[in-house]
Amino acid sequence: MELLIKNGFVYDPINGVNGEKMDIAIKDGKIVEKVNEREAKIIDASGMVVMPGGIDIHSHIAGGKVNAGRLLRPEDHFKDVERKTAVTRSGVGYSIPSTFTTGYRYARMGWTTVMDPAMPPLEAKHTHEELSDTPIIDKASYPLLGDWWFVLEYLRDGKIEECARHVAWMIKATKGYAIKLVNPGGLEAWGFGRNVESIDDPVPHFGITPREIIRGLCKVNKLLNLPHTIHVHTNNLGKPGNYITALETMKCVEDLAEDDKPAIHITHCQFCAFKGDDWRTFQSGAEEIANYVNAHSHVTMDMGQIIFTDTTTMTADGPFQYTLYMLSGNKWTNHDVETETSAGIVPFHYKRKSYVHATQWSIGLELALLIKDPWKILMTTDHPNAGPFIAYPRIVAWLMSRKAREATLKKINPKARSRSLLPSIKRELDFYEIAVVTRAGQAKALGLKSKGHLGVGADADIAIYNFNPETMDPSRKYKAVRRAFKRAAYTIKSGQVVVKDGEILKHVDGATMWIDVQLCEPCEIELNENMKRRFKEYWTVEFENYPVSEDYLAISRPIPVKADV
């Protein structure tokens, strides 16, 4: 099938295209140089913005804890129903939507690729079942490896290459995409009702520190040549004063960076940019974080932007979720995933009139606006932790319009407003920078070579928004920006028009991407009798039932990577 998008204002930062009026040709699901205009289907994008399909580097959309959240919160579903149409299936959910609803709602906004950031290896099959069931979008998942017993033992013994071979096997066995660390060392400690308090606090029974885990897995990541850096949820997340931990975490891998390339991704940084000794003295640490990131090139991060709404917090950080339960008194659940990780879920409502919540809202935007290079700070809500992903149009408007920020500032807690840095920040992102923080920068950080841009050979994943940048000022017309990003004029997935004017036209399946790590020598872990024995001793499943076979994925898209080990 051939498709030609004509006369749109194209924003394609990876190829340096900044609002140029041009045509985009598509054939067989890929961007091509040209097509036969008389035979191709024509989309007239005159007066509209054309961008690569949106990419979400961090959104909890599938797996055991997401499903547990759905079961925990029936009230989340009553108020928000996705009706069945001739094309789509029904679904439910506001902050924890069902699989169909998730795919449809991302596509309506023009997003076409989503990364689930926390997959317990033991629950990889469940995660992939849900990812396969999520329509339209391409997706991938990051296995949780920062508290995995074998990893801790290899790193404790200084066996980096052995650890790299093991992690390579884990990524292939779970069909994962990147190495995820959550509160490194803290989750293992939580198994004994404890936590770690700093990156130099020893992990019980292993005698290794979070600093050694972070550095060790950063080295492993480099040996394996994985396309994404280690993806780190820092220690002490959600605690006043934790901006120091975030800074120490970034500093601890400074010497491991090479050629000005990123070596670490700090996720949902809003939650780890808190100053103060307690909640009474709580304030923003965004300026200190931004100053560090502006002066260094080895870090990327995403926002974790707070939305004032009812949502569901969920993370592998069991001790943090327990703290949130103690603070809120809300219903909760907490889970120990055998020898691998933990997880917790707590419903939460972010309130404008709460000093802490309003300050958190300000911190996310301060980070995005104070970090000068948009390639370093990417847009997320850590869905659903800081708010559901359907709020992205609102965040785009806040980033593009000082007027939009001022309108919200007027409604928040007066003390938070008086301390916020936002009134002093004049910066407003343009469409080029929005394209960076929502697709190009996310693709670059993830090492997705065929996504996030509109060059020849790229996947034909495209969003078209009904906003004319030639006649309308997004700073003044921020509500029109919000409407445009809420319901894309067109969303094109793999060369097929799947959305028009915010309505789903076609239900197509997206692929599951995973990294096929190819070691220098064949990995013998499959035959490792010691590992099989330990599975018998400590796991509830046999070793043979653990790996996810490729035919388990509805549409498998392996990405081969040659390792240096």
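In this report, we go over the structure that sits alongside the text. (Residues numbered from 1 in each chain as written. Predicted model: local features only at pLDDT ≥ 70, side-chain atom pairs only at ≥ 80, totals over all residues. Heavy atoms only, no water.)

Some details on the packing of helix 13 (residues 392-400) against helix 14 (residues 402-409)
Okay, so step 1: Relative to each other, helix 13 and helix 14 sit at 110 degrees, their axes nearing to 5 Å. Judged by the angle between their axes, helix 13 and helix 14 are roughly perpendicular. Contacts from Ala 397, Trp 398, Leu 399 and Met 400 of helix 13 reach helix 14 at Arg 402, Ala 404, Arg 405 and Thr 408.
Okay, so step 2: Its residues placed into classes, the contact of helix 13 with helix 14 shows five nonpolar, one polar and two charged. (Axes fitted to C-alpha atoms, helices over the stretch in contact; angles between N-to-C directions. Helix = DSSP H or I, 4+ residues; strand = E, 2+ residues; numbered from the N terminus. Parallel < 35°, antiparallel > 145°, perpendicular 65-115°, else oblique. Contact = heavy atoms within 4.5 Å. Nonpolar A, V, L, I, M, F, W, Y, C, P; charged D, E, K, R; others polar.)

Overview of the pattern of salt bridges
Okay, so step 1: A complete count under the given rule lists 36 salt bridges for this structure.
Okay, so step 2: Across the pair Lys 30 and Asp 459 runs a salt bridge whose closest N-O atoms are separated by 2.5 Å. Here the residue Lys 30 occupies a position in strand 3 (residues 30-32), and Asp 459 occupies one in the loop between helix 16 (431-446) and strand 21 (462-465), the gap between them amounting to 429 residues.
Okay, so step 3: Between Asp 516 and Lys 172 there is a salt bridge whose closest N-O contact spans 3.4 Å. Linking Asp 516 in strand 25 (residues 512-518) with Lys 172 in helix 6 (residues 160-174), this pair joins segments that are 344 residues apart in sequence.
Okay, so step 4: A single network of salt bridges, built from pairs that share partners, joins Lys 30, Asp 138, Lys 451, Asp 459, Asp 461, Lys 493 and Arg 557. (Salt bridge = Lys/Arg side-chain N within 4 Å of Asp/Glu carboxyl O.)

Some words on helix 5 (residues 149-156)
Okay, so step 1: The buried fraction of helix 5 is high, at six of eight residues.
Okay, so step 2: All of the buried residues in helix 5 are Trp 149, Phe 150, Val 151, Leu 152, Glu 153 and Leu 155.
Okay, so step 3: Against helix 6, helix 7 (186-190), helix 8 (210-224) and helix 18 (529-538) lie the buried residues of helix 5. (Buried < 20%, exposed > 50% of the residue type's maximum accessible area, 1.4 Å probe, protein only.)

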